[in-house]
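Structural description and commentary
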There are 2 protein chains.
Amino acid sequence: MSKKQEPGAAVRATIRDVASAAKTGKTSVSRYLNGEKDLLSDALKERIGRAIALLDYQPSQMARSLKSGQTRLIGLIIADITNPYSVEVMRGVEAACRQEGLTLLVCNTNNELDQEKHYLQLLSSYRVDGIVVNAVGMREAAISTLQQANLPMVLIDRKVANFACDVIGLNNVEATQMMTDHLLQQGFEALLFISEPATINTRLERLRTFLQRMQQSPQHIAEQCEIEISNTEALENMLREFIARHSDKRKAVMCVNGTLTLQVARAMRRLGIVWGQDIGLSGFDELAWAELAGVGITTLKQPTYEMGVAALSQLVARIQGNTDPVKDLEFSGELIARGSTAAR
Amino acid sequence: MSKKQEPGAAVRATIRDVASAAKTGKTSVSRYLNGEKDLLSDALKERIGRAIALLDYQPSQMARSLKSGQTRLIGLIIADITNPYSVEVMRGVEAACRQEGLTLLVCNTNNELDQEKHYLQLLSSYRVDGIVVNAVGMREAAISTLQQANLPMVLIDRKVANFACDVIGLNNVEATQMMTDHLLQQGFEALLFISEPATINTRLERLRTFLQRMQQSPQHIAEQCEIEISNTEALENMLREFIARHSDKRKAVMCVNGTLTLQVARAMRRLGIVWGQDIGLSGFDELAWAELAGVGITTLKQPTYEMGVAALSQLVARIQGNTDPVKDLEFSGELIARGSTAAR
DNA sequence: CTGTTAGCGCATTCAC
DNA sequence: GTGAATGCGCTAACAG
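Residues numbered from 1 in each chain as written. Chains lettered and ligands numbered in written order. Predicted model: local features only at pLDDT ≥ 70, side-chain atom pairs only at ≥ 80, totals over all residues. Heavy atoms only, no water.

**Focus: the protein's contact with DNA strand D**
Within the structure, DNA strand D sits among 25 residues, and Thr 24, Ser 41 and Lys 67 of chain A together with Ile 15 and Tyr 57 of chain B are positioned closest to it. Contact between DNA strand D and Gly 25 of chain A: a phosphate oxygen at 3.4 Å from a main-chain N or O atom of the residue. Between DNA strand D and the protein, one listed contact pairs a phosphate oxygen with a backbone N or O atom of Ser 41 of chain A at 2.6 Å. For the surface near DNA strand D, the secondary-structure elements that each account for two or more residues are helix 2 (26-33) and helix 4 (61-68) of chain A together with helix 1 (15-21), helix 2 (26-33) and helix 4 (61-68) of chain B. (Near = heavy atom within 4 Å. Polar contact = N/O pair within 3.5 Å; in protein donor to acceptor, adjacent residues only side chain to side chain. Helix = DSSP H or I, 4+ residues; strand = E, 2+ residues; numbered from the N terminus.)

Pasting the structure below:
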């Protein structure tokens, strides 16, 4: 039973190898790596340093974490990495992690509950110090798993029912009012709120606020619909019908998020409907290409980066033992008006 | 010294706790979790199952991996998560991982060499089974680190000089020829190749092919320039001058990647230059909004998802001990012609 | 069928 | 200053 090795698996030097190569004990090597200080004689330090370089030794974080119980790792679970919104938030979290000397591990759940559960489980079992979660939904199935893993956690954008946890998100009421008021001010008379069927609080809050606001202007028409984002046909029909229904009025649509805005714009393009002319178009989430699409698309920009930073900051506080009551951190959005909602 | 606990850190039950709660030994619990099979009596299985549920026990992957030396973890290092191209590749890698029962950990280096080194080190020290890398650059600094970590690795898109490693990428020669030929066929007479200064092979190959192809049509003008993506002013000047220089000719630009195409389009918009009319516009990488930007932007679409799948597939082969000579897997791109390069 | 034992690689008392 | 011994949580031989 000599040092037989698998074809691909290289031999990893251990602390023991280094110790014997440096003709010393494991303790000194460990000290060299951590405490270091001045507890070692120069001669020993020299020998150990050479041995490490020679063997290309890398301490095993596995073993190290097992011993210490600390990983300095943060998990970020994202529902849809395809969404630029999420990516921007991630960048904020990442920058903040670096600041704190933490390392970020990102997991994409692809909007699937199974995956969310899997990653939650995984990160927990690897004993990350904390998790930032952009939850898939607020259905019950996820909740149990989330509660089960009782480690510091912060939610982003989407809340989870019956789960007490800090949440970082947009001030949806304020934002939706801004957007609705903007459309009304620009002279639109019939408004359509388009959303996906997902049962997330973000969608519900925006929709509710929209409807409430519209009730204050009974002379205007408020409609809403839910469509599967991938069902292009349904989307097209919906737009066509909305326009036909209000042929004599100035119409506008409001999309609940950026991904949807993209699909709606595409559908309009296919149908030959021109935003800013035939119809008003606006949506939540800023889009990098918003100004390039025809006369430009009006968006509601979220301070995504700052939100990411705030999420990590709150998480770190929890990790450090902060036990204040659960907080709901709401950020203000910014309306960026473009040609798609220009007044007549 | 009783069970004193830190404020935030919850007590995690260990296998020993479960064993004693179930009035049995650790081995049986371990068996229950792994081998399971039918080595356990029903009564014992019952007891253990209850104990696990009661204590909310979750085995520590740390300890488990330490013992087995296997993590079933794959690391993905991405240079710029902001780039939709990377995200699409990630989705392919992810799907393939799921297929193989592997778990993907994503790290974003933000195009910083330091971060790349850090993550490489980290993933290696956590003994992931393999790494898929979208390298920051091909400068020497990175190479040493890459070589140091001698664990299965596959490169995506960008090669690293002097580092023998499988690479999955686009067939840049073919793709560039397609794009160049397309522009010439559409009647453009002066072509400008715009790229970022980064020293990555992808850029160089595309540029080289472009210049070579243009040499075969001496009657046409070929120019090239490098600009910092964040330097909007330089970009605008460059465009203005190119247009002024060839006022009597049909002109077109070719952007080396999608991020750049976005910036170029923005700059044109600011300058009042209309693509498809004043100038031709095309770029590598498909863009979700390409058809929405004015008359549409011509792009060269890469089979990103498939590339991600292929990358993981090759990595798995290496992990399983495949020692074939290093491969260069090149995928064919697809030219998607849109209004921005329409013939007169 | 089930429990005891011995490490995986490392950090850490505690002696020398 | 330095090193031997112990245990983190878990798996796998090896006995009963």
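Back to the text.
**Comments concerning helix 5 (residues 84-100) of chain B**
Relative to the 24 Å expected for 17 residues at 1.5 Å per residue, helix 5 of chain B spans 25 Å between its end C-alpha atoms, a close match to the ideal helical length. Taken together, the buried positions of helix 5 of chain B are occupied by Tyr 85, Ser 86, Val 87, Val 89, Met 90, Gly 92, Val 93, Glu 94, Ala 96 and Cys 97 of chain B. In this structure, the buried side of helix 5 of chain B is in contact with strand 2 (103-108) and helix 6 (113-125) of chain A together with strand 1 (73-78), strand 2 (103-108), strand 4 (153-156) and helix 12 (304-319) of chain B. For helix 5 of chain B, the N-terminal cap is Asn 83 of chain B; the gap from its side-chain oxygen to the backbone nitrogen of Tyr 85 of chain B is 2.9 Å. One or two positions beyond helix 5 of chain B, positive phi appears at Gly 101 of chain B, with a value near 75 degrees. (Expected span 1.5 Å × (residues − 1). Buried < 20%, exposed > 50% of the residue type's maximum accessible area, 1.4 Å probe, protein only. Contact = heavy atoms within 4.5 Å.)

**Focus on the interface of chain B and chain A**
Between chain B and chain A, the contact holds 55 residues from the first and 55 residues from the second. In this assembly, chain B packs against chain A so that about 5400 Å² is buried in total across both faces, 51% of it on carbon and sulfur atoms. Considering only the surface of chain B that becomes buried against chain A, Met 62, Tyr 126 and Leu 292 of chain B emerge as the three largest contributors, covering 13% of it. Here chain B and chain A share 4 salt bridges between them. The shortest N-O distance in the salt bridge between Glu 112 of chain B and Arg 98 of chain A comes to 2.7 Å. There are 26 residue pairs in polar contact (both at pLDDT 80 or more) connecting chain B and chain A. Of all the secondary structure elements, the ones that give two or more residues to the side of chain B that touches chain A are helix 4, helix 5, strand 2, helix 6 (113-125) and helix 11 (258-271) of chain B. Across the side of chain B that touches chain A, the residue classes break down as 25 nonpolar, 19 polar and 11 charged. (Buried area = accessible area lost by both parts, 1.4 Å probe. Salt bridge = Lys/Arg side-chain N within 4 Å of Asp/Glu carboxyl O. Nonpolar A, V, L, I, M, F, W, Y, C, P; charged D, E, K, R; others polar.)

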